[in-house]
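Spelled out from the first residue to the last, the chains are:
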Amino acid sequence: MSEAFRHIGSHAPRKEDERLLTGRGCYIDDIAVPGVLHATFVRSPHAHARIRSIDTGPALEVPGVVAVFTGPDLAAWTTRHRMAPPIDGLQPVEMDTIPVAKVRFQGDPVACVVATDRYVAEDAAELVQVEYEVLPAVTSMWQALDPASPLVDETLPANLLSHQHAAHGDVAAQMRQAHRVVESEFSQQRQTHLPIETRGCIGVWDEGRQHLTFHVGTQVPHPYRTALAARLRLAESQVTVISPDVGGGFGQKIALYREELAVAAIARHLKRPVRWREDRLENLLASSQAREDFVRTRAAVDAQGRVLALELEIVEDFGAYSFYPGNYLARVVAMILTGPYRIRHYRYDVKVLLSNKVGNGPMRAPMSITSWVMEGTLDAIARELALDPVAVRRINMVGAADLPYTMATGEVLADITPRETLEAALAAVGYEAFRARQRAAREQGVYLGLGVCTVVESTTYGSKFYKSAGIPGSGHEAAWVRIEPSGVVNASCGLGATGQGYETALSNAVAEGLGVAPDGVRIQLGHTDVAPYGMGSRGARGGTAGGGTLYLCAQEARAKVLAIAAARLGLADPGELRMIDGRIERRAGGQWQDGGLTLADVARTAYLDPLALPPGMAPGLEFHLTYEPPPMTYSNSTHACEVRLDPATGALRIERYLVAEDCGTVLSPVVVEGQQHGAIAMGLSGALFEHVEYDQQGQNLSGTLADYLVATACELPRIEVISMHTPNRATPAGVKGMAEGGVMGALGAVANAVNDALAPFGVAATRHPLTPMSLRELLRGRRPGVAPGPAAAEASRPATIE
Amino acid sequence: MKPAAFEYFRPVSIEDALRQLAGFAPEGKLIAGGQSLAPMMNMRLARPAQLIDVNDLTELAYVREAGGWLRIGALTRHHELAASALVRRHCPLLAQAAQTIGHYAIRQRGTIGGSLAHADPAAQLPLVAVTLGVRLHLRRQDGERTVDAGDFFLSAMTTALAPDEMIEWIEVPKAQPGEAAAFRLFNRRHGDYAIIAAAATVECEGGTVRRLRLGVGGAAAVPQSLRTLAEAARGRLADDGWVAEVAQAAAQQVAVEEDARVSVQYRRELTELLVGRALGRALTRLRA
Amino acid sequence: MDRQSITLTVNGRNFEFAAEPRKLLSDALREDCGLTGTHVGCEHGVCGACTVLVDGQPVRACLTFAIQMEGHEISTIESVGGHGALSPLQQALHETHGLQCGFCTPGIVMTFEAFLRANPDPSEEEIREALSGNLCRCTGYQNIVAAIRLAAARIRESA
């Protein structure tokens, strides 16, 4: 790959590091605003209650308190939020800016105290008297499914927010004819994103210009601005959103949250700047959560383990509010679940329920459960039929000859390499040798397990996808490249940086497209007066959408630069010219030689000597381009995880973890490796430790970092990465993107490894997190049976493709 | 989360500190390392009206020999306990336990006095204190007294300290020749509080047990010294069978409280495992 | 609720300001001393993002009241390296890609500037153990561990 590109794929370290390493970054709370007031929120202690009255009197008495606002105040200054995409089976829902009539989860805001500093604001918040009429709470998806359960949203007939189902082929017939029908269950626990920097914002209202400048850490500056302006009944041009350095997003910093909208509205009302810094307790209690899914599969199989048909049932606890559409799960998870496996008969049923918990927001790999479910189903098939799990994968997986492959749901897989990453991972982990070691260890009473999980990750969603999914919005991205008269290169796109190394990766894309050194490119992101209107950073679209658009835009810039250079050099054909690191070279007698011109020379001509330009060419070197990616872009990887299980305590140790990944063309290998580590870390942490727990009264039991556990440096393994690169032929430079597949793969790999270790005991773990207590619960009273283990001899011969 | 307001005092002598404590009782609280108190104050779960900062009382940070005991000042930091040559030599159980507390940064600040006064049911130092029969020297403005560890921990986060009293020093019995110690704990993640912790010292002579001291922490509101069990060990042959027997008996005898996240049964199983491993480790050290 | 005059010695400079005793050191450093490199991640001592050095030892600034620090020497990230002249640890983090969003990074740098002085040749296990008091949500820690090993080796070599 590096022969084809000069800067794309560069291993240069990151450009953004120095300021971050020396404590000179600028995060939201670092921004000093003279005269700024501090907001803090009074929050409901109850999971479900009507608000009977709010007495702000005592709070207003506290010196330093400027005002206290409640739901009705915000209702006067903002519109309600309506989430109502026209999708069959999805209920429309509305949300107050600050609840007026009732609260729906413990932590739901009911008032906002504004004071001269946060300490005083918290003192006053304690004094706000709220009278609640407590209502019975809905605290589980099973309870929510009951039509008689209390209504979380009283405008809906039931707590069923979304019900999507589809059938492809004839699943029933296959089930009847099958050699066996294997049933599996997967229960993923509620989690939260936990960026190390919590949410926060600053609203600055310019009464003279009637303009709001809103500082907020956001992954999606322009869509955020659109939403903010609309809710405030302002024109978009009356709002500027500026996203500074952001300490992690992971999907939590996409929605326009109610607290943020309240701060903006209050700043406008008071005509004074107001800031809010969410503290960690609020972040755990009241930001957004994710992943509480129950999944059941039924797989009709033949005696060799071929999957003839698959039935998928998903139930999700979505919390109390819709920060993103409730049908997402169906539209993505159910759609891509069969992944790289040849399954023509497939049906799914997805139900999404409301409950009295914090509303769900997309969390890095919102489709995280996908690979765990598909790969876990294959493992269950293997166990039931006493086959090797790798053999089961090989017999079902598409190979290069099958591509492009159209899945039962109509999704088209092209330019992906699941078979190759599977074989690479197995070779690297030493599959047959592991099975031998495992057998020997079992004889010694030591229980090792190996889990394999292949991921086909949907990274970049095009507009066609959103349209057919009924999700409003576009998948395109926008970029500009501007070369100044001195030859300095600036570039921008609509992405929102939250730590992904965009300044480095995108510089490589621009440098490659234009023909300059990456060091000379300045990437500007996050400021809506500067960046072009793009859809921002979601999923894993940064590389394909952001990098791709910039690459194409930079190529356009290069074309004009070379045309001007050709004119300057008296050449008819710019095709005899190229630009390398800002120097024009010309081909003479088959050799490239220095052309005697630099980008600076060309730029000076373009801006200051337009009469020297080719006839008809406009002055300047400013370029703007939008790019519509394909409906869907995929990358793939295979994860392998070896664990050691202590049956006496249920404790797990990860002995080895590796991933064979194919992300196509990679803008910055350094950044991609970091993303892979981080995604895998989040997946492992989620599978083993994290859990937002609510009790039956809807009280959040995971209110501090002593309760909500995330993996530390001691719990995570070294991750070995094997990189492969099969370019995507439909995207600029062949970029595919990645960043979420690691979560999917880690969840599946460790889950499968644990079940492989448990196999001799005849039990399987179906619930996450895989705590020592829960594993011990499965093992108590059980003894290992005769466990011949899968026959490794068969596994060493790859199955032929029918 | 910002703490509620308080008045701040920084005494330069123990007498000043005690006078302030007496004057502000029961609202006033001492702060030493702050690793346990400050989070509670930030969350407004603790709201002392006065905070008395004893970090300047450096005369309370020491480890000294006092005959058959080690006397340790209340302000001695965890990392000092872990690293002190005197502690490692004369009270290896204490050094081992201190090394497992929290993380590197926490051990720089947390103090033995603070940990004992805080009395978290799963904490290491209270467990070591009851296991070894440590003596706590408490002082108030107009008096002092010595309390045995067994009488000091009353309930979760509750000790025998009067509102106007502070821990001045702790006396730890020195290890005997022919004695080895082991500390074992099980937690979800490195540095977390223990789900169960086992502390043991075994003194042997000619392969038989002269004295066993055994404690289990994390099972109930206070750490437990399994004295009866320990006394029954005298004269027993210190072999693997004996270890298994003691471990089983400990699992059955330890009081375990119900917990939403961890079952009683699990804690008993862990107790058996960790006591067995601690004793095994101690015996291995003896043989070495 | 009464503000007092507090003087902090930070990075060799004296800062005098008025604040309540309850003002956290983390807030005082950021607001009253204008040193925003120390970040706040949890305010209950778990994440380690706010770690600074007090008399050379790592301390969680969120668990310390500013007034407690009078008479002590505080070092923050702003005293470590600078434009074009990173410390060995900062340089190593840069080379190994040991930071992504950078929010946890100053706390890690401060922890290990102290740790490496006391432990110049740590094993990977010792590094991970010392690092376990700092939470990172972006990197999975691997490249941070690699940076610390690299920095330790370079510091030993140049000693």
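Small disclaimer: the values here were computed from a predicted structure and weren't measured. (Residues numbered from 1 in each chain as written. Chains lettered and ligands numbered in written order. Predicted model: local features only at pLDDT ≥ 70, side-chain atom pairs only at ≥ 80, totals over all residues.)

S.K.: Just checking my understanding: could you explain the overall build of chain C for this structure?
M.R.: Secondary structure assignment for chain C yields five helices and five strands. Going from N to C terminus, chain C has its helices and strands arranged as β-β-α-β-β-β-α-α-α-α. Taking 15 Å as the expected radius of gyration for a compact globule of 159 residues, we find that chain C reaches 16 Å, a close match to that expectation. Across its three principal directions, the C-alpha atoms of chain C cover 50 × 30 × 25 Å. Counting across all 159 residues of chain C, residues that qualify as buried make up 65%. (Helix = DSSP H or I, 4+ residues; strand = E, 2+ residues; numbered from the N terminus. Rg over C-alpha atoms; globule rule 2.2 N^0.38 Å. Buried ≥ 20, exposed ≤ 12 C-beta atoms within 10 Å, placed from the backbone.)

S.K.: How should I be thinking about the sheet that holds strand S6 (residues 102-103) of chain A in this particular structure?
M.R.: Strand pairs in the sheet, formed through backbone hydrogen bonds, run parallel or antiparallel to each other. All names here are of chain A. Strand order across the open sheet formed by three strands is S6-S2-S8, with antiparallel pairing between neighbours. Both outer strands of the open sheet, S6 and strand S8 (129-134), are each paired with one neighbouring strand and no more. Pairing analysis gives six bridges linking strand S2 (residues 49-55) to S8, with the strands arranged antiparallel. Looking across to S8, one finds that Ile-51 is bridged to Tyr-132. (Pairing = 2+ DSSP bridges.)

S.K.: Mind showing me how you'd approach the confidence of the model for chain C here?
M.R.: Keep in mind that low pLDDT regions are not for reading the predicted coordinates in detail. On average, residues of chain C carry a pLDDT of 97, and 99% of them reach 70 or more. Across the predicted assembly, pTM comes out at 0.96 and ipTM at 0.98. (pLDDT = per-residue confidence, 0-100.)

S.K.: Looking at this structure, I do not really get the environment of Leu-667 of chain A. What am I missing?
M.R.: Residues and elements named next belong to chain A. Assignment of secondary structure puts Leu-667 in the loop between strand S31 (651-662) and helix H19 (669-688). Of the residues examined, Leu-667 has 33 C-beta atoms within 10 Å and is grouped as buried. In the structure, Leu-667 is positioned 145 residues away from Arg-522 in sequence and 16 Å away in space, judged by C-alpha atoms. Setting aside residues no more than four positions away along its own chain, Leu-667 makes contact with Ile-8, Ala-505, Asn-508, Ala-509, Gly-543, Gly-547 and Val-735. (Contact = placed C-beta atoms within 7 Å.)

S.K.: In this structure, what is going on with the interface of chain A and chain B? I would like to understand it.
M.R.: Interfaces are often sized by the amount of accessible area the parts lose when they come together. At the junction of the two partners, chain A supplies 14 residues and chain B supplies 12 residues. Among the elements of the structure, helix H4 (118-127) and helix H21 (772-779) of chain A are those that each provide at least two residues to the side of chain A that touches chain B. Counting residues per element, the side of chain A that touches chain B draws most heavily on H4 of chain A, which supplies three residues. Counted by class, the side of chain A that touches chain B contains seven nonpolar, two polar and five charged residues. (Nonpolar A, V, L, I, M, F, W, Y, C, P; charged D, E, K, R; others polar.)

S.K.: Looking at this structure, how should I read the sheet that holds strand S5 (residues 73-75) of chain C?
M.R.: All names here are of chain C. As summarised here, the arrangement of the five strands in space is S2-S1-S5-S3-S4, forming an open sheet in which the pairing is mixed. Where the open sheet ends on each side, the last strands, each with one partner, are strand S2 (13-19) and strand S4 (57-60). For this sheet the average axis-to-axis angle between neighbouring strands, irrespective of direction, equals 40°. Pairing analysis gives seven bridges linking strand S1 (residues 4-10) to S2, with the strands arranged antiparallel. Bridged to Leu-8 within S2 is Phe-15. Sitting on the sheet, helix H1 (residues 25-32) is in contact with S1 and S2, with an inclination near 105° to S2. Across the face of the sheet, helix H3 (residues 105-118) comes into contact with strand S3 (51-54) and S4 while running at roughly 35° to S3. (Axes fitted to C-alpha atoms, helices over the stretch in contact; angles between N-to-C directions.)

S.K.: How should I be thinking about the packing of helix H2 (residues 88-96) of chain C against helix H5 (residues 142-158) of chain C in this particular structure?
M.R.: A packed helix pair is summarised by two numbers, namely the angle formed by the two axes and the spacing between the axes. Residues and elements named next belong to chain C. One can describe the packing of H2 onto H5 by two numbers: an axis separation of 8 Å at closest approach and a directional angle of 135°. It follows that H2 is oblique to H5 by the angle criterion. Regarding H2 and H5, the two cross each other, and that crossing is right-handed. Packed against H2, whose contacting residues are Pro-88, Leu-89, Ala-92, Leu-93 and Thr-96, the element H5 presents Asn-143, Ile-144, Ala-146, Ala-147, Leu-150, Ala-151, Arg-154 and Ile-155 at the interface. (Parallel < 35°, antiparallel > 145°, perpendicular 65-115°, else oblique. Left-handed = near helix turned anticlockwise from the far one by under 90°.)

S.K.: Just checking my understanding: could you explain the domain arrangement of chain C for this structure?
M.R.: Residues and elements named next belong to chain C. Domain assignment breaks chain C into domain 1 (4-77) and domain 2 (88-158). Looking at the side of domain 1 that touches domain 2, the elements that each hand over two or more residues are S3 and S4. Among the residues forming the side of domain 1 that touches domain 2, the class breakdown is eight nonpolar, seven polar and no charged. (Domains from an automatic or database assignment.)

S.K.: Please explain the environment of Ala-260 of chain B as it appears in this structure.
M.R.: All names here are of chain B. By the secondary structure assignment, Ala-260 is in the loop between helix H11 (240-253) and helix H12 (264-287). Overall, the presence of 8 C-beta atoms within 10 Å leaves Ala-260 in the exposed class. The spatial distance from the C-alpha of Ala-260 to the C-alpha of Cys-91 is 36 Å, given a sequence separation of 169 residues.

S.K.: Just checking my understanding: could you explain the interface of chain A and chain C for this structure?
M.R.: Facing the 44 residues of chain A at the interface are 45 residues of chain C. Class assignment of the residues belonging to the side of chain A that touches chain C gives a composition of 19 nonpolar, 14 polar and 11 charged.

S.K.: Can you walk me through H5 of chain C in this structure?
M.R.: Because an α-helix packs 3.6 residues into every turn, residues spaced three or four apart end up facing the same way. With 17 residues, H5 of chain C should reach 24 Å at 1.5 Å per residue; the first-to-last C-alpha distance of 25 Å fits that figure. Every buried residue belonging to H5 of chain C is among Gln-142, Asn-143, Ile-144, Val-145, Ala-147, Ile-148, Ala-151 and Ala-152 of chain C, and all of these are buried. On its buried side, H5 of chain C packs onto H19 and strand S32 (719-724) of chain A together with H2, H3 and helix H4 (124-131) of chain C. (Expected span 1.5 Å × (residues − 1).)

S.K.: How should the pairing of S2 of chain A be read in this particular structure?
M.R.: Looking down a regular strand, the side chains alternate between one sheet face and the other. With two bridges joining them, S2 of chain A and S6 of chain A adopt antiparallel strand pairing. Looking at the pairing, Arg-50 of chain A lines up with Lys-102 of chain A of S6 of chain A.

S.K.: Even after reading the chapter, I still don't get the domain arrangement of chain A, so can you show me in this structure?
M.R.: All names here are of chain A. When the domains of chain A are assigned, the result is domain 1 (17-23 + 476-627), domain 2 (31-135 + 198-246 + 253-286) and domain 3 (289-406 + 414-464 + 630-795). Just the C-alpha atoms count here: the centres of domain 2 and domain 3 sit 37 Å apart. Taken residue by residue, the interface counts 20 residues in domain 2 and 23 residues in domain 3. Contributions of two or more residues to the side of domain 2 that touches domain 3 are made by strand S5 (93-95) and helix H9 (280-286). Looking at side-chain class alone, the side of domain 2 that touches domain 3 contains 14 nonpolar, four polar and two charged residues.

S.K.: Looking at this structure, how should I read helix H13 (residues 418-429) of chain A?
M.R.: Residue and element names in this part refer to chain A. With 12 residues, H13 ought to run about 16 Å at 1.5 Å a step, and its terminal C-alpha atoms sit 16 Å apart, in line with that. Along H13, the residues classified as buried are Pro-418, Arg-419, Thr-421, Leu-422, Ala-424, Ala-425, Leu-426 and Val-429. Residues of H13 that are buried sit in contact with helix H12 (389-396), helix H14 (431-443), strand S22 (447-461), strand S30 (632-646), S31 and S32. Two residues or fewer after H13 comes Gly-430, characterised by a positive phi angle close to 75°.

S.K.: Which parts of the structure should I look at to understand unusual backbone geometry?
M.R.: At the junction of Leu-403 of chain A and Pro-404 of chain A, the peptide bond is cis and its omega measures out at -5° in the coordinates. Residue position: Pro-404 of chain A is located in the loop between H12 and strand S20 (405-406). The amide bond that connects Ala-25 of chain B to the next residue, Pro-26 of chain B, takes the cis arrangement and shows omega of 0°. Inspection of the secondary structure puts Pro-26 of chain B in the loop between helix H1 (14-24) and strand S2 (28-31). In this structure, Arg-291 of chain A is a non-glycine residue whose phi angle is positive, near 75°. Position of Arg-291 of chain A among the secondary structure elements: in the loop between strand S16 (289-290) and strand S17 (293-301). Classification of Arg-291 of chain A by C-beta neighbours within 10 Å gives buried; the count is 23.

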